[in-house]
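Coordinate analysis (summary)
Okay, here's what each chain looks like letter by letter:
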Amino acid sequence: MTPGSGLQAGLKNRHLSMIAIGGVIGAGLFVGSSTGIATAGPGILLSYALVGTLVVLVMRMLGEMSAANPTSGSFSAHADRALGRWAGFSIGWLYWFFWVVVLAVEATAGAKILEGWVPAVPQWGWALIVMIVLTATNLVSVGSYGEFEFWFAGIKVVAIGAFVVIGLLAVFGVLPGVDADKASFGNLTSHGGFLPHGPGAILTGVLLVVFSFMGSEIATLAAGESENPQQAVTKSTNSIIWRIGVFYLGSILVVVSLLPWDDASIAKDGSYVAALNSLGIAHAGEIMNVIVLTSVLSCLNSGLYTASRMAFSLGERGDAPKAFARVNSRGVPRTAILASVVFGFVAVFFNYLSPDTIFLFLVNSSGAVALFVWLVICFSQLRMRKIIQREAPEKLVVKMWLYPYLTWATAALIVGVLVYMLFDTEHDGRQTVLLSLLVAAIVLVIAAVRQRLAAARPAPAAESPADKVTIG
């Protein structure tokens, strides 16, 4: 854990393992993949592969820095040290903003499913219940968060694993008792080709799927409260390739092999439900709703944890109110959790009061934050590698491949995606980038003003917490 932070090592190895595995499986994979398939056809596999490669590279960089210095602030703390206080402040608050907006989005999504099962409770009531239960879970201890996430993530992992195995057996024609007449790898090319809408659809597909990968970095934040942070980060970093390969590429390959990409049921029922229905599996829609609800609860649970730990780290470094950095007797940053969930409640309120104005602004203005975070990780790693080599080379237990060339190439690819989004008017890409840049600009201005005011004040007699950030 973070030395002297007050946080306790309450996460067991099994918690960290499942958080790392489940972190890359968001609800967006289940509910958003049908739009991507309709846009790019089977070529959506290339979109997922491209974004998956990007995430693997970014996580390798983050793993290098976090294995050397495990901390609850993760990339924000690294940016603070490598690029300056303005960078740690800005990216930390943007990341916090992203996750508290996600809380509202996921609470609403979960409430819709629960209202369908128990309509006697209104949707806003279910959203309130879900938020209160998971807030209580996070307030009890970090161990209770880890336990809940272990089971949530476990259900997601088992469900997708079973889906991939059953789907492949059907494609190969060896699934007993199932007549999957449309299932064939020929579906990848027989309906207008592998790229029915041309190569440009691959990049459009990237825009649609990139945000479903957000969350893969949670394991590096959680590692700060584990028994062996360095080992946890190393294990998480080294396993991300197969996690993305199986859960994203594997499951999407099964979907577009079981059914033609242009089958009407994919758009109507959703890609995974349509695939299950094609196999004649009874109650496929309800089965999928249970899995989606589990993913929503997992995302809510982790989102609240992640937002609160980022707020805690910002408070510890003097970039947020000092109360955020206080922990109770169980090592829980109660104020940071409550502050995060209050903003989440406010966002939920706006979702019902003003869904097409204020809430839409919140969602769009946080949409490109994932790409901003990844870009900051790239630039932080370029500087941090030299710092680690100079101060504690023995801490380089995870190394970015082909440094610095692959780091620069990754940064260029992220910038390329952002530029492409600026020309995307069909899927709101331009609006998302511009609004996210507006929010980022506001945060940067606040950071610059704070830094100037701090420079104008007389130097303190002792070092500030931020100055004490060291490697190891």
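Every value quoted in this text rests on a predicted model; they were computed, and no experiment measured them. (Residues numbered from 1 in each chain as written. Predicted model: local features only at pLDDT ≥ 70, side-chain atom pairs only at ≥ 80, totals over all residues. Heavy atoms only, no water.)

1. Quick word on the overall build of the chain
Cut-off, in case you're wondering: For helices the rule is a DSSP run of H or I covering at least 4 residues; for strands it is a run of E covering at least 2, with both sets numbered from the N terminus onward. Both definitions apply: the radius of gyration is a C-alpha atom measure, and the globule rule equals 2.2 Å times residues to the power 0.38. Each residue is assigned to one of three classes by its accessible area relative to the maximum for its type, calculated with a 1.4 Å probe on protein chains only: buried under 20%, partly exposed between the two thresholds, exposed over 50%. In what follows, residue pairs with any heavy atoms lying within 4.5 Å of each other are defined as contacts. Each accessible area value is a Shrake-Rupley result obtained with a 1.4 Å probe; residue values ignore everything except the protein chains displayed when judging cover. Residues scored as positive are Lys and Arg, those scored as negative are Asp and Glu, and His as well as the terminal groups of each chain are ignored. The atoms used to mark charge sites are NZ of Lys, CZ of Arg, CG of Asp and CD of Glu.
Secondary structure assignment for the chain yields 18 helices and zero strands. The C-alpha atoms of the chain give a radius of gyration of 22 Å, which matches the 23 Å a tight globule of 472 residues would have. Counting only C-alpha atoms and orienting by the principal axes, one finds that the chain spans roughly 75 × 55 × 40 Å. Counting all 472 residues of the chain, 58% fall into the buried class. A separation threshold of at least 6 residues defines the contact pool for the chain, and within that pool the share at least 24 residues apart is 81%. Summing over all exposed atoms, the chain offers an accessible surface of approximately 18700 Å²; the carbon and sulfur share of this is 67%. Computed over 28 positive and 25 negative side-chain charges, the separation of the two mean positions in the chain equals 13 Å.

2. Re a nonpolar patch on the surface
Counted only if it meets this: Patches draw on residues past 30% relative accessible area with no salt bridge. Two like charges within 9 Å are joined, as are two nonpolar side chains (Val, Leu, Ile, Met, Phe, Trp, Tyr) within 5 Å. For salt bridges, the criterion is a side-chain nitrogen of Lys or Arg within 4 Å of an Asp or Glu carboxyl oxygen.
Residues Val165, Leu169, Phe172, Val174 and Phe185 make up a contiguous nonpolar surface patch of roughly 460 Å² in combined accessible area. Relative to the elements of secondary structure, Val165 occurs in helix α7 (residues 142-171).

3. As for the packing of aromatic side chains
Defined as follows: Stacked, tilted and edge-to-face are the three classes applied to pairs of Phe, Tyr and Trp rings, where Trp contributes its six-membered ring and a pair requires centres within 6.5 Å; stacked means planes under 30 degrees apart, edge-to-face means over 60, and tilted covers the rest. Each ring is checked for a lysine NZ or an arginine CZ that lies within 6 Å of its centre and within 35 degrees of its normal; such an atom marks a charge sitting over the ring.
If you walk through the whole model with that rule in mind, you get 17 aromatic pairs. Ring plane angle 85° and centroid distance 5.2 Å describe the contact between Phe98 and Trp99, whose orientation is recorded as edge-to-face. Its end group placed over the ring of Phe150, Arg14 keeps NZ or CZ at 4.7 Å from the ring centre. Just above the ring of Tyr403 sits the side chain of Arg385; from NZ or CZ to the centre is 4.3 Å.

4. Some remarks on the side chain of Ser74
Position of Ser74 among the secondary structure elements: in helix α4 (residues 74-82). Residues within four places of Ser74 in sequence aside, it is in contact with Leu62, Ser66, Thr220 and Leu221.

5. Some words on helix α15 (residues 358-366)
What α15 keeps buried is the set Phe359, Leu362, Asn364, Ser365 and Ser366. Looking at the buried positions of α15, the neighbouring elements they touch are α5 (85-117), α14 (334-353), α16 (369-391) and α18 (429-456).

6. Observations regarding the environment of Tyr420
Selection rule: By the criterion applied in these results, polar contacts are pairs of N or O atoms within 3.5 Å in which, for protein atoms, one can donate a hydrogen and the other can accept it, and in which residues neighboring in sequence qualify only through two side-chain atoms.
Within the element layout of this structure, Tyr420 appears in helix α17 (residues 405-422). Separated by 136 residues in sequence, Tyr420 and Ala284 place their C-alpha atoms 37 Å apart. Only 3.1 Å separates the side chain of Tyr420 from the side chain of Thr204, close enough to count as a polar contact.

7. Thoughts on the packing of helix α8 (residues 200-209) against α17
Heads up, the condition is: Working convention: axes come from line fits to C-alpha atoms, limited for helices to the stretch in contact. Angles between N-to-C directions cover 0 to 180 degrees. Put simply, angles under 35 degrees are roughly parallel, angles over 145 are roughly antiparallel, angles from 65 to 115 are roughly perpendicular, and the rest are oblique. In this classification, Asp, Glu, Lys and Arg are treated as charged, Ala, Val, Leu, Ile, Met, Phe, Trp, Tyr, Cys and Pro as nonpolar, and every other residue, Gly included, as polar.
Two elements in contact, α8 and α17, have axes whose closest approach is 10 Å; the angle formed by their N-to-C orientations is 95°. Considered as vectors, α8 and α17 are oriented roughly perpendicular to each other. Taking contact as the criterion, the partners of Gly200, Leu203, Thr204, Val206 and Leu207 in α8 are, on α17, Val417, Tyr420 and Met421. Its residues assigned to classes, the contact of α8 with α17 shows six nonpolar, two polar and no charged.

8. Some thoughts on the pattern of salt bridges
For the coordinates displayed, the defined rule picks out eight salt bridges. Taking the shortest distance from any N to any O, the salt bridge between Asp80 and Arg85 comes out at 3.5 Å. Taking the shortest distance from any N to any O, the salt bridge between Arg309 and Glu225 comes out at 2.8 Å. A residue pair is termed long-range when its members are at least 10 positions apart, and Arg309 in helix α13 (residues 284-316) and Glu225 in the loop between α9 (218-222) and α10 (229-258) qualify at 84 residues. Assessed through its relative accessible area of 0%, Glu225 is described here as buried. Through salt bridges that share partners, Asp80, Arg85, Arg317, Asp319 and Arg450 make up one connected network.

9. Description of the layout of surface pockets
Note the cut-off: A cavity here means a set of points on a 1 Å grid, drawn over the protein atoms and nothing else, where a 1.4 Å probe fits but cannot get out; a pocket is an open set with protein on both sides within 12 Å along at least five of seven lines, and a residue lines either one if it has an atom within 4 Å of a point. Grid points are joined across faces, edges and corners, and a volume is the space filled by probe spheres set on the points.
For the largest pocket, the calculated volume is near 1300 Å³. If you trace the largest pocket, you find 49 residues lining it, with Gly28, Val105, Glu106, Phe211 and Ser212 closest to the centre. Mapped by element, the contributors of at least two residues to the lining of the largest pocket are α1 (13-22), α2 (27-40), α5, α7, α8, α13, α15 and α18. Sorting elements by how many residues they give to the lining of the largest pocket places α5 first, with eight residues.

10. Overview of the nonpolar core
To be explicit about the condition: By convention a nonpolar core is built from buried Ala, Val, Leu, Ile, Met, Phe, Trp, Tyr and Cys residues, the set being connected through side-chain atoms within 4.5 Å.
Formed by 155 residues in total, the largest nonpolar core has its most connected members in Phe75, Tyr95, Trp99, Val373, Trp374, Ile377 and Ile414. The greatest single-element share of this core, amounting to 19 residues, is contributed by α5. Beyond its immediate chain neighbours, meaning those up to four positions away, Val373 contacts Phe75, Ile91, Tyr95 and Met214.

11. Remarks on unusual backbone geometry
In this chain, Tyr403 is followed by Pro404 through a cis amide linkage whose omega measures 0°. Position of Pro404 among the secondary structure elements: in the loop between α16 and α17. You will see that Ser74, though not glycine, has its phi angle at about 45°, which is positive. Of note, the phi angle at Leu402 is positive, near 50°, even though the residue is not glycine. Here Leu402 is to be found in the loop between α16 and α17. Since its relative accessible area comes to 62%, Leu402 is described here as exposed.

12. So, the packing of α16 against α17
This is how the line gets drawn: The hand of a helix crossing depends on one turn: near helix anticlockwise from the far one by less than a right angle means left-handed, and clockwise means right-handed.
The interhelical angle for the contact between α16 and α17, taken along N-to-C directions, is 155°, at an axis separation of 9 Å. Relative to α17, α16 is oriented roughly antiparallel. Every pair of crossing elements has a handedness; the one defined by α16 and α17 is left-handed. Residues Leu371, Phe372, Trp374, Leu375, Cys378, Phe379, Gln381 and Leu382 of α16 lie in contact with α17, whose contacting residues are Thr407, Trp408, Thr410, Ala411, Ile414, Val415, Val417, Leu418 and Met421.

13. Some remarks on the environment of Val327
For Val327, the position within the fold is in the loop between α13 and α14. A relative accessible area of 29% places Val327 in the partly exposed class. Note: C-alpha distance between Val327 and Glu149 (178 residues apart in sequence) is 21 Å.

It is worth stressing that arrangement in space is one thing and function is another; only the former is reported here.
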